Amino acid sequence: MAVESKTVLVTGSTGGIGKETARQLAALGASVILVGRDKYRADAAVADLRHTSGNDDVTAITADMSRLRDVRRLAQEASGRASGVDVLINNAGATRSHREVTEDGIETAFAVNVVAPFCLTHWLMPALTASGQARVINITGGIPRGHIDLNNLQGEKSYVGLSFYNQTKLAQMAMSYRFAQELAATPVTLNVAYPGHAYTSMNKSLTVGTYPPLARPIVPLLRLAMPVVYGRRALLRATRSSVYLASSHEERKTNGAYFNSKGKRTPWPDAVLDDTTRNTIWELCERQRDRPTTA
């Protein structure tokens, strides 16, 4: 669909891949709502995108995606700004060097990468349905392959930051696969996009302890190489799949698909195709969605 005058909500969009995605959609004429934790950064991003895209219809909502009370408020506020939300891009992501638990009792990376997009999509469903033909795009990341350990789903037994981040992104994909099935009879579609690698603020903030032990000796070299290898061009490439899914006429009815960094449909990782894995993650997310949030 053409995104001109359509309402697009992008989480984690005050910097990095999310901001560049929002910039391109604003340049295409969309009404863009940015989401970030910090009001100063959000206001600066709004000013930047309005200037560079030539589109004044860019606003922001401040919300911390690790807090379910903020996610619920975000859904309410976004729903109140437009008659419908046409595109939701769940881009916000988090990784930690050591295990942390949110105020809701959820491991932080799992909360942001899995539970938040699940809950936000559910709580925005009336606004998505009201748009007539809405699209939800969940952004995966890291290295989306390998095993999902259901006995260590929230890092309860072992925790290495980047390895666990990869697992949360696989878990997000498993949740997304099931969510797309749930949406099959609705006017809302849900697909997953893999952006590839780019040098963002999240990469910059990684401590040595976030890396697997075997990689830690070369972390100083990685920090020198990443801005060169995964700089501005890589950042722009990383928006390709999400912008395509948000705006493509060809994919208007596509639901439950996984797209690679080139915007091409690709097979789901094996871990995502396991029914037990999907159902376990789905039920955990449902329990979080249905519990009372803190004031």
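Since the structure is predicted, the reported quantities are computational estimates derived from the model, not experimental observations. (Residues numbered from 1 in each chain as written. Predicted model: local features only at pLDDT ≥ 70, side-chain atom pairs only at ≥ 80, totals over all residues. Heavy atoms only, no water.)

Novice: Help me understand the overall build of the protein, please; the structure alone is not making it clear to me.
Specialist: Counting its secondary structure elements, the protein contains 11 helices and 8 strands. The buried share of the protein, reckoned over its 295 residues, is 54%. Nonlocal contacts in the protein, meaning residues at least 24 apart in sequence, comprise 76% of its contacts between residues at least 6 apart. Accessible surface, the protein: about 12900 Å² in total, of which carbon and sulfur atoms supply 50%. (Helix = DSSP H or I, 4+ residues; strand = E, 2+ residues; numbered from the N terminus. Buried < 20%, exposed > 50% of the residue type's maximum accessible area, 1.4 Å probe, protein only. Contact = heavy atoms within 4.5 Å. Areas by Shrake-Rupley, 256 points an atom, 1.4 Å probe, with all protein chains shown as cover.)

Novice: Explanation requested: the pairing of strand β3 (residues 58-62) in the structure shown.
Specialist: Taken residue by residue, a regular strand's side chains alternate between the two faces of the sheet. By the bridge criterion, 5 bridges tie strand β2 (residues 31-36) to β3 in an arrangement that is parallel. Note on β3: the bridge partner recorded for L34 is A60. In the classification by handedness, the crossover that spans β2, the intervening helix α2 (residues 39-53) and the parallel β3 is right-handed. (Pairing = 2+ DSSP bridges. Right-handed = clockwise from strand over helix to strand, strands pointing away.)

Novice: Can you walk me through the pattern of salt bridges in this structure?
Specialist: Two side chains bearing opposite charge may form a pair once their charged atoms approach each other closely. Per the counting criterion, the structure on display carries 15 salt bridges. Between R23 and D48 there is a salt bridge, with the nearest N and O atoms lying 3.3 Å from each other. Within this pair, whereas R23 is found in helix α1 (residues 16-27), its partner D48 is found in helix α2, the two being separated by 25 residues in sequence. Salt-bridge contacts for E77 lead to R81; the nearest nitrogen and oxygen are separated by 3.0 Å. Placement of the pair is E77 and R81 together in helix α3 (residues 68-81), with a separation of 4 residues, close to one helical turn. Looking at R81, the relative accessible area reads 38%, which means it is partly exposed. Each of K19, E20, R23 and D48 takes part in a single network of salt bridges with overlapping partners. (Salt bridge = Lys/Arg side-chain N within 4 Å of Asp/Glu carboxyl O.)

Novice: Is there a simple way to think about the side chain of T95 in this case?
Specialist: Inspection of the secondary structure puts T95 in the loop between β4 (87-90) and α4 (108-123). Among the polar contacts listed, one links the side chain of T95 to the backbone oxygen of G161, at a separation of 3.5 Å. (Polar contact = N/O pair within 3.5 Å; in protein donor to acceptor, adjacent residues only side chain to side chain.)

Novice: Just checking my understanding: could you explain the sheet that holds strand β7 (residues 258-259) for this structure?
Specialist: Two pairing modes exist for strands in a sheet, parallel and antiparallel, and in both the strands are linked by backbone hydrogen bonds. Spatially, β3-β2-β1-β4-β5-β6-β7-β8 is the arrangement adopted by the 8 strands of the open sheet, whose pairing is mixed. Unpaired on one side and paired on the other, β3 and β8 (265-266) mark the two borders of the sheet. Packed onto the sheet, α1 meets β1 (7-10), β2, β3 and β4 and runs at close to 170° relative to β2. (Axes fitted to C-alpha atoms, helices over the stretch in contact; angles between N-to-C directions.)

Nothing here speaks to function; it is geometry throughout.
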